[in-house]
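Here is what each chain is made of, one letter per residue.
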Amino acid sequence: MNVYDGQKMADLLKVHGYTITEYPEDADVAILNTCHIREKAEHKVFSDLGRLSTIKEKQKKINQDSDMIIVVGGCVGQAEGEEITRQAPEVDMVFGPQSYHRLPEMLAQIKQKSKGKRSKIVDTEFPTISKFDSLPVAYETPVSAFLSVQEGCDKFCHFCVVPYTRGAEYSRPANQIIEEAKHLIRLGAKEITLLGQNVNAYHGEGLNGKEWTLGRLIYALAELNGLKRIRYTTSHPLDMHNDLYEAHRDIEQLMPFLHLPIQSGSDRILDMMNRKHKISDYLKIIEKLRNARADIEFSSDFIVGYPGETDNDYQHTLELIKKVGYVQAYSFKYSPRPGTPASILEAQIPEDIKTNRLAQLQNLLNEQQLMFNKSKEGKTLEVLFDRQGKLQGQIVGKTAYMQSVTLDGDSSLFGNFLMIKIKHGYRNSLSGECV
Ligand code: 5AD
Ligand code: SF4
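Novice: So what about the overall build of the protein? Which residues, and what values?
Specialist: When helices and strands are counted, the protein shows 13 helices and 17 strands. Relative to the globule expectation of 22 Å for 435 residues, the C-alpha radius of gyration of the protein, 23 Å, shows essentially globular dimensions. Here the protein holds 435 residues, and 52% of them are scored as buried. Put simply, of all contacts in the protein between residues at least 6 apart along the chain, 72% involve residues at least 24 apart. Carbon and sulfur atoms provide 50% of the accessible area of the protein, an area that totals close to 20700 Å². Separation of charge centres in the protein, based on 54 positive and 57 negative side chains, amounts to 2 Å.

Pasting the structure below:
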């Protein structure tokens, strides 16, 4: 979602004459669009600010009139507000994820003030009118585009800052989403990933004036000509509604790959996390999805070392991973976040235990991912190419399962679905030849 928000910020500023620079050294305005989900992401903000401050000094040495405006947007901005300008005086502006549509006006305000005497702007309001009503249409789009349909979260998992930083759940009306999708397709998007912190809790106003679920919305999007792939992320097991299973059964464009976080394989830990469901519920969902679409595969998020997690709880997580068989996953050491209930629990797990548990868990997940990728050797898969590879003369695309496939070729192939015979499956990618 930060990528989507970042693109929207660029679109907002484009009409005011700004363009994206490749190097921070060239920037008149530097915006850090930040993440607060774990401590590591937050630390990165402050080290990046140090770097920007040095660049600003260098710019000044070259041109005395230069005066780079440094901005912190996103969830760290929301959570820390004015504290950021105290800790990092080089920061001119701080805003949260729900107020970035005011960016042009805030920048104009800062530029009006005489140089050297800038006053700071901190805007961490949750406005009553949705920011989506004031966002411009995109100027360009990648072949594989993001589209925010839902934001915020009312679930309050005990480890998580999202309900505090992104705010309460909000669903955009379906007509707004469909218009944005049509626009992206006109600009060349072939694949759209619907975004939301709790995307399957979507309950926006439908075209008939009644509330629509995510499943219903996907049925409507599937009717748009030229949209070949639909995905949605991130889902919560509690919000799997019937028409979402039906969409997986009926809609070919809906990719057979679902990111469905479980966090832990222990019912005791799920309860302590306030996830409000059991492992058996999750396994039932997986089974129902497999019944709806036999070729569906799964990825997930895992947290190890949640306060109070015993070795027995942890073993249950490994067992669950073996039972489900994931083709991809994200896993993290529990990171205490200020203001969340879990952060003040006494039974915090020592760092070395977290490190060991994470390493072992990731070994297992990596093994599963490698096995899945190897199982594609000799098969012919449809791949949507959209990016330059690391090596000269190489391009990269994605399979239905989000596996990266490298191929010799150039950017003229972007936006094409090619049938690729897979030669090698590695842990993080596949390689093959065009048939
Ligand atoms: N510590 C570690 N991981 C976290 N996540 C969210 N909050 C924390 C935290 N405090 C992980 C969850 C979530 C993903 C987006 O980030 O696994 O699904
Ligand atoms: Fe955070 Fe997701 Fe839980 Fe919401 S459902 S509190 S976003 S982990």
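Novice: Before we move on, could you go through the environment of Glu319 and cite the residues and values that matter?
Specialist: Along the chain, the position of Glu319 falls in helix α12 (residues 311-324). For Glu319, a relative accessible area of 47% gives the class partly exposed. Taking the C-alpha atoms as reference, Glu319 lies 30 Å from Val405; in sequence the two are 86 residues apart.

Novice: Describe the nonpolar core, and please don't skip the residues or the numbers.
Specialist: Generally speaking, a soluble globular protein has its nonpolar side chains buried in company with each other. Residues Leu194, Ile218, Tyr232 and Tyr326 are the most contacted members of the largest nonpolar core, which totals 66 residues. Sorting elements by how many residues they give to this core places helix α7 (residues 174-186) first, with 6 residues. Excluding residues that lie within four positions of it along the chain, Tyr326 makes contacts with Ile262, Tyr282, Phe298, Ser299, Ser300, Phe302, Leu320, Ile321, Leu365, Gln368 and Gln369. Membership of the second largest hydrophobic core comes to 20 residues, among which are Met9, Leu13, Leu103 and Leu135.

Novice: Now, about the site of ligand 2: what can you tell me, with residues and values included?
Specialist: The immediate surroundings of ligand 2 are formed by Cys153, Lys155, Phe156, Cys157, Phe159, Cys160, Val162, Pro163, Asn198, His236 and Arg275. Among the residues forming the shell around ligand 2, the class breakdown is 7 nonpolar, 2 polar and 2 charged.

Novice: An account of the domain arrangement of the protein is needed here, citing residue identities and associated values.
Specialist: Splitting the protein by domain gives domain 1 (2-123), domain 2 (131-374) and domain 3 (380-434). Computed from C-alpha atoms alone, the centre-to-centre distance between domain 2 and domain 3 is 25 Å. The interface is formed by 19 residues belonging to domain 2 together with 20 residues belonging to domain 3. Considering only the surface of domain 2 that becomes buried against domain 3, Val143, Arg229 and Asn373 emerge as the three largest contributors, covering 36% of it. Summed over the shared surface of domain 2 and domain 3, the number is 0 salt bridges. There are 12 residue pairs in polar contact (both at pLDDT 80 or more) connecting domain 2 and domain 3. Put simply, the parts of the chain that give the side of domain 2 that touches domain 3 at least two residues each are β9 (229-233) and α13 (351-374). Top contributing element to the side of domain 2 that touches domain 3 by residue count: α13, with 6 residues.

Criteria and cut-off values
Residues numbered from 1 in each chain as written. Chains lettered and ligands numbered in written order. Predicted model: local features only at pLDDT ≥ 70, side-chain atom pairs only at ≥ 80, totals over all residues. Heavy atoms only, no water. Helix = DSSP H or I, 4+ residues; strand = E, 2+ residues; numbered from the N terminus. Rg over C-alpha atoms; globule rule 2.2 N^0.38 Å. Buried < 20%, exposed > 50% of the residue type's maximum accessible area, 1.4 Å probe, protein only. Contact = heavy atoms within 4.5 Å. Areas by Shrake-Rupley, 256 points an atom, 1.4 Å probe, with all protein chains shown as cover. Lys, Arg positive; Asp, Glu negative; His and termini not counted. Charge placed at Lys NZ, Arg CZ, Asp CG, Glu CD. Core = buried A, V, L, I, M, F, W, Y, C linked by side-chain atoms within 4.5 Å. Near = heavy atom within 4 Å. Nonpolar A, V, L, I, M, F, W, Y, C, P; charged D, E, K, R; others polar. Domains from an automatic or database assignment. Buried area = accessible area lost by both parts, 1.4 Å probe. Salt bridge = Lys/Arg side-chain N within 4 Å of Asp/Glu carboxyl O. Polar contact = N/O pair within 3.5 Å; in protein donor to acceptor, adjacent residues only side chain to side chain.

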